[in-house]
Each structure stands twice: as structure tokens, then as C-alpha cells.
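Read off the chains here:
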Amino acid sequence: MKAQDYPPEVLELLASLKRMPGVGSKGAERLALWFLQQGRNEAQRLAAALSTAVSTVGYCPCCGFFSTEGKLCTACSDTTRDSSLLCLVEQPTDVLPIERCGIFRGLYHCLGGKISPLDGVMPEDLSVEKLLERVRALPGCEVILALSSDVEGEATALYLAEQLSPLPCKVSRLAQGLPAGAGLGHADPITLMRALQGRSGLL
Ligand SMILES: [Zn+2]
């Protein structure tokens, strides 16, 4: 006797949902059942949103943050922002906690990671050339290193400070107080605001 189970279409849906980060077997089952109970409209809305996001969202050609259809992101196209301040972050998602703390009015540069020879990430894998190019075009600007406070983040900060030293810019870094070894996403807005306000010069 074969045990009763969901129809194959539902099993396929469960398998897809389970592949998503943070969704285990139980979570996948809850989501799938919710969609089945909601009927066609909810599923079509999700399918359309997913398809549109995946096909139109990419990265800003200037700073590397998320943008739509290869256009400049909101920050890069905002002429009221202070272009003499360039906040350097590891990942595009690191921009959001800084924006949410509400005091930074400059521009960003997303490196795309941090130097980590053990994981095979070398400086040439990161958006360093593009950063140097931007800094050359903005003489007198301040580059604020907002990297994580772990070993790789420190090594990346030192490497970048060295690369930036011949250029006409100031280099500073966030004040201490951010959680050691964690990325910006783990910092609460007040800690992040203090870290930005209390930043110290490197060069
Ligand atoms: Zn941008």
C-alpha cells in the first residue's frame, strides 16, 4: 500500500520553496498550504512580482547598489547628495542600515565583498579599480571605510587605505563600537549613527 501524500504538483512546489534560504521543510509546507488556500490571485501576484524583480533588477553601474534596468540608483541620481563623501561598504545590502539611520547624505560604493584569500577572494575580484576611478574624479573627497570589523574587513581596509594614499582624498573609518566580527546589517541604527559621526581619519 502506498502512503497518502500531497499531489506531485504540491511536492514540486514544496521542493522549490525548501531551496530558499531560511525556509525549512515546515516553513515550505506552511507557505505552500497558504498559497493553495488563497487561490489563484495571490499565487499570480507573487509569480509576477518575482519574475519582474528577477528580470529587471541588477546593479547600479556607478556604485554597485541595486538598481532597475541598468540605470543609476536613487542615491547616484540624486544631485542634492554630497558627492564629496563616499561611503565604502562590502555589499549592496550594507547600504540600507546606513540609509535607515538617516544622517548620511553622501554617496556609496559597494565593493562586492572583502579580501579573503582563504575563500579565494582577491582584490581584483572586488570593485577596487572602479573605486579609484571615482575618487580620481572627485578630488578632495572623503572615503569612509564602513567594512566589517573581522580579520578580512581589517585586511581590506588596510589594502584600500594603501591604494587610496596617493590620491587626493581623505580616508576615514567608522568608529569602533560596531559588533566585532559582524557586518553592518547587525548594527542597530543608533550604534551605526555614532560610528559614522565619530569616524576617525586613516589618511
Ligand atoms: Zn548608485
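See the structure printed just above.
As a starting point, this report considers the structure included with it. (Residues numbered from 1 in each chain as written. Predicted model: local features only at pLDDT ≥ 70, side-chain atom pairs only at ≥ 80, totals over all residues.)

### Considerations on the pairing of strand E3 (residues 82-89)
Looking down a regular strand, the side chains alternate between one sheet face and the other.
Then, number 1: Bridging between E3 and strand E4 (residues 106-110) involves 5 bridges; their strand directions are parallel. Its bridge partner lying in E4, Cys 87 is registered against Tyr 108.
Then, number 2: With helix H4 (residues 95-101) bridging E3 and the parallel E4, this β-α-β connection has right-handed handedness.
Then, number 3: Across 4 bridges, the pairing between E3 and strand E5 (residues 142-145) is parallel. By the bridge assignment for E5, Cys 87 is matched with Ile 144. (Pairing = 2+ DSSP bridges. Helix = DSSP H or I, 4+ residues; strand = E, 2+ residues; numbered from the N terminus. Right-handed = clockwise from strand over helix to strand, strands pointing away.)

### Details of the sheet that holds E4
Then, number 1: Overall, mixed pairing links the 5 strands, which are arranged E4-E3-E5-E6-E7 in an open sheet. Edge positions in the open sheet fall to E4 and strand E7 (200-201), since each of these has one partner strand only.
Then, number 2: Sitting on the sheet, helix H5 (residues 128-136) is in contact with E3, E4 and E5, with an inclination near 165° to E3. (Contact = placed C-beta atoms within 7 Å. Axes fitted to C-alpha atoms, helices over the stretch in contact; angles between N-to-C directions.)

### Regarding the packing of helix H1 (residues 8-18) against helix H2 (residues 25-38)
Then, number 1: Here H1 crosses H2 at 125°, and the two axes come no closer than 9 Å. The angle between H1 and H2 places the two elements in the oblique class. Of the two elements, H1 crosses H2, and the hand of that crossing is right-handed. Contact residues: H1 offers Val 10, Leu 13, Leu 14, Leu 17 and Lys 18, while H2 offers Ser 25, Ala 28, Glu 29, Leu 31 and Ala 32.
Then, number 2: Within the contact of H1 with H2, the residues separate by chemical class into 7 nonpolar, 1 polar and 2 charged. (Parallel < 35°, antiparallel > 145°, perpendicular 65-115°, else oblique. Left-handed = near helix turned anticlockwise from the far one by under 90°. Nonpolar A, V, L, I, M, F, W, Y, C, P; charged D, E, K, R; others polar.)

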